[in-house]
Amino acid sequence: MRRIAIETRNIPKGLAFISPWLAGFAVFLLLPIIMSLYYSLCDYNLLQRPVFVGLENYRFLIHDAVFWLALKNTLYYGALSVPAGLGVSLALAILLNRRVIGQPFFRTIIFLPSLVPTIAAAILWKWLFNQKLGLINWALSPLYSLLHVQGPAWIDQPGWVIPSLALMSVWGVGNTVVIYLAGLQDVPRELYEAAELDGASGLKQLYHVTLPMISPVIFFNLVMAVITVVQVFDIPFMMTQGGPNRASYFYTYYLYDNAFSYLHMGYASALAWIQLLMVLALTGIAFWSSKKWVYYQGK
Amino acid sequence: MSGKRTNFWALIATYAALIVVCSLAVIPFLWMVSTSLKPDREVMAYPPRWLPRHIETNRHGIPTNYALAISSDHTNFRLWTRNTLIVAALSVLGTTLSSALVAYGFARIRFRGRGLLFGLVLSTMMIPFPVIMGPLFVIFIWLGRHTPFDWMGTFKPLWVPQWFGSAFNIFLLRQFFVTIPEELSEAARIDGCTELGIFWRVMLPLSRPALSVVALFTFLWAWRDFMGPLVYLQYPSQYTLSLGLQTFQSQNGATPWNQLMAASVLVILPVLVLFFMAQKTFIEGIATTGMKG
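Residues numbered from 1 in each chain as written. Chains lettered and ligands numbered in written order. Predicted model: local features only at pLDDT ≥ 70, side-chain atom pairs only at ≥ 80, totals over all residues.

**What about the overall build of chain B?**
Cut-off, in case you're wondering: Here a helix means four or more residues in a row that DSSP labels H or I, a strand means two or more in a row labelled E, and each is numbered from the N terminus. For the radius of gyration, the atoms used are the C-alpha atoms, and the globule rule reads 2.2 Å times the number of residues raised to 0.38. Backbone-placed C-beta atoms define the burial measure: a residue is buried with 20 or more other C-beta atoms within 10 Å of its own, exposed with 12 or fewer, and partly exposed in between. Contacts are defined on C-beta atoms placed from the backbone: any two residues whose C-beta positions lie within 7 Å are in contact.
Secondary structure assignment for chain B yields 15 helices and zero strands. Rg of the C-alpha trace for chain B: 24 Å, well past the compact-globule value of 19 Å for 293 residues, more than 25% over. Taken over 293 residues, chain B has a buried fraction of 39%. Partitioning the contacts of chain B with sequence separation of at least 6, the portion at a separation of at least 24 is 72%.

As structure tokens, then:
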């Protein structure tokens, strides 16, 4: 009883402390989201007042081939880069968790690429992917001559551009590796000792001890990766301008073009709301599925 | 994993794997530095050589490619760096202070509705920036017309929102604040300290490690941010490093790969220096973000 009274009396003081966030939330987040919902029901070119058109933008969206293309490209890129990124970073974390001489050195090296600012990574990889002079085709040239094929043009070839960008994204997984490593260090050693006494091999230990114990970390990384990949914009904007032939034209790129290149703010807002619902749905699916495969200790 | 029974061949395999993956991680860097030092004709040579035959320098002894990357018809590295640092400094200061204040409210003041509001803070992390960037543009124009301050054409759209706390930083700092013993605040309270005084004189000095994580990550974010500057900066004189280099690399004509690599080296270098100065802060910071799912 007394506690509730204190907590009620503390309301003004609590709100005072969190007031910066409340104000920022109202003006820079809640208001834009509501405006976005309203604009999505309007014809609005930023110069004249918005004109209410009902569900017109959403109706148009269903028949818009570019919308479906951008969505397909984004999902394809996500389907390649998310599993590749999560898998490679987990493998790297397990490797870097082995007790060897020079372990801190190896960890630092693997982490370094994730520090590279996006624009520098974009420029660097454009050069690495260069068909004639790039390092990648040069390194693979013995393989090409063995198979009697020509090296691909990577990001300059429609069928190759999305796999190329996914490959490049794997280079920057250092952040995720660090999060996995923190998870691996928290797995109690007794569990491995017990498994060893029971005669479990290394692979069995991985499957029955390591993976279940770090499943919350895998889950966290999965959710973060999904939220990030739905928004991918910088890299294709810098490296391919969505090309060639719109083969790397992603969802956020189309949203950006509608808002700021074509000044179709109404349509851009409809795209924005679909994107928001997509993120919510994907995280929702992740949370729902997590009940089946994520193991929380002490629960 | 298994300390004593690791046999010789497993150890060899581990080292081999480590050397392979570390090479793959590091070779692009070496290639970047190598290209950045080559004169034009060597850049175009095939098969490529790892070491430049000869490095051209200007009369100050600076490699020509670097001099051109810093200042030429298409580049203005000093201006871009200055602009980036202004945005970064104001963002770091703003988000660290405001997030700490809000985090203190969530960590130390028991008030009704606290749990619900904190849940709301966390859930905002899911909202994609592209969803709000258009309406924010409209809001910034409106603010420019209806307040005494200009917004568009200034850096305000990039740093002012940082002064209202960011969900991720609030979360990170709250997690740290709850680990600080309540007795310390209680002692200060008995000495007549106000709540704000406890926050400022007791909490903040004890939270240096967490505050530096927030400051460091915010700086890195500002250093690499691209979409914000792309949408809200209007004049080339305002360009940040990301935006300036983007215009440089997307210009028409033959691509000056050596100058572009020099520019990339220059953008990466400060981040690497920062990393090696504060390695521990980095790693612990990233590790804690993944700890509480």
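**Some remarks on the overall build of chain A**
Across its full length, chain A carries 15 helices and two strands. Here the C-alpha atoms of chain A give a radius of gyration of 24 Å, more than 25% beyond the 19 Å that 2.2 N^0.38 yields for 299 residues. Counting only C-alpha atoms and orienting by the principal axes, one finds that chain A spans roughly 80 × 70 × 30 Å. Relative to its 299 residues, chain A shows a buried fraction of 38%. Within chain A, contacts between residues separated by at least 24 positions form 68% of all contacts whose residues are at least 6 apart in sequence.

**Here we look at the interface of chain B and chain A**
Test applied: Note that Gly is not counted as nonpolar here; it falls among the polar residues with everything else outside the nonpolar set of Ala, Val, Leu, Ile, Met, Phe, Trp, Tyr, Cys and Pro and the charged set of Asp, Glu, Lys and Arg.
If you look at the interface, chain B gives 75 residues, while chain A gives 78 residues. Here the side of chain B that touches chain A takes twelve residues from helix H1 (residues 8-36) of chain B, the largest share from any one element. Residues that form the side of chain B that touches chain A fall into these classes: 54 nonpolar, 16 polar and five charged.

**Considering the nonpolar core**
Rules: Linking buried Ala, Val, Leu, Ile, Met, Phe, Trp, Tyr and Cys residues through C-beta atoms within 7 Å yields a set, and such a set is a nonpolar core.
Among the nonpolar cores identified, the biggest contains 112 residues, and Ile110(A) and Val177(A) are the most heavily contacted of them. Tallying contributions element by element places helix H6 (residues 118-129) of chain A first for this core, with ten residues. Phe17(A), Phe118(B), Phe176(B) and Ala210(B) belong to the second-largest nonpolar core, a separate cluster that totals 30 residues.

**Quick notes on the packing of helix H4 (residues 65-96) of chain A against helix H9 (residues 174-185) of chain A**
Two measures define how a pair of helices packs: the angle their axes make with one another and the distance between the axes. Residue and element names in this part refer to chain A. Worth spelling out the cut-off: Note on definitions: angles span 0 to 180 degrees between N-to-C directions of axes, and those axes are lines fitted to C-alpha atoms, for helices only across the stretch in contact. An angle counts as roughly parallel when it lies under 35 degrees, as roughly antiparallel when it exceeds 145, as roughly perpendicular when it falls between 65 and 115, and as oblique in every other case. Left-handed describes a crossing whose near helix is turned anticlockwise from the far helix through less than a right angle; right-handed describes the clockwise counterpart.
The interhelical angle for the contact between H4 and H9, taken along N-to-C directions, is 50°, at an axis separation of 8 Å. Between H4 and H9, the crossing angle belongs to the class labelled oblique. You can see that H4 and H9 cross each other, and the crossing is right-handed. Mapping the contact onto sequence places Gly85, Ser89, Leu90, Leu92, Ala93 and Leu96 in H4 and Thr176, Val177, Tyr180, Leu181 and Leu184 in H9.

**Considering the environment of Ala167(B)**
Along the chain, the position of Ala167(B) falls in helix H8 (residues 167-177). In this structure the C-alpha to C-alpha distance between Ala167(B) and Leu122(B), which are 45 residues apart in sequence, comes to 6.1 Å.

**What about the environment of Glu190(A)?**
All names here are of chain A. Tracing the backbone shows glutamate 190 in helix H10 (residues 189-197). Given 8 C-beta atoms within a 10 Å radius, glutamate 190 is considered exposed. The spacing of glutamate 190 and alanine 153 is 37 residues in sequence and 51 Å in space, taken between C-alpha atoms.

**Quick word on helix H5 (residues 103-111) of chain A**
Looking at H5(A), one finds that the buried residues are Phe106(A), Arg107(A), Ile109(A), Ile110(A) and Phe111(A). Where the residues of H5(A) are buried, they touch H4 and H9 of chain A together with H1 of chain B.

**Regarding unusual backbone geometry**
In this model, Gly243(A) is joined to Pro244(A) through a cis peptide bond whose omega is -10°. In this structure, Pro244(A) sits in the loop between helix H13 (234-239) and helix H14 (251-261). For the peptide bond that leads from Tyr46(B) to Pro47(B), omega is -5°, which places it in the cis range. Of note, Pro47(B) is situated in the loop between helix H2 (40-43) and helix H3 (64-70). Positioned with a positive phi, Leu46(A) is a non-glycine residue whose angle comes to about 75°. On the secondary structure map, Leu46(A) appears in the loop between strand E1 (42-43) and strand E2 (51-52).

**Observations regarding the confidence of the model for chain B**
Basically, it comes down to this: pLDDT is defined as a per-residue confidence score from the predictor, taking values between 0 and 100.
With 96% of its residues at a pLDDT of at least 70, chain B reaches an overall mean of 90. Two numbers describe this predicted complex: its pTM, 0.91, and its ipTM, 0.90.

**Some words on the packing of H6(A) against H1(B)**
In the contact formed by H6(A) and H1(B), the axes pass within 11 Å of each other and the chain directions differ by 90°. When the axes of H6(A) and H1(B) are compared, the pair comes out roughly perpendicular. Touching Leu124(A), Trp127(A) and Leu128(A) of H6(A) are Pro28(B), Trp31(B), Met32(B) and Thr35(B), all from H1(B).

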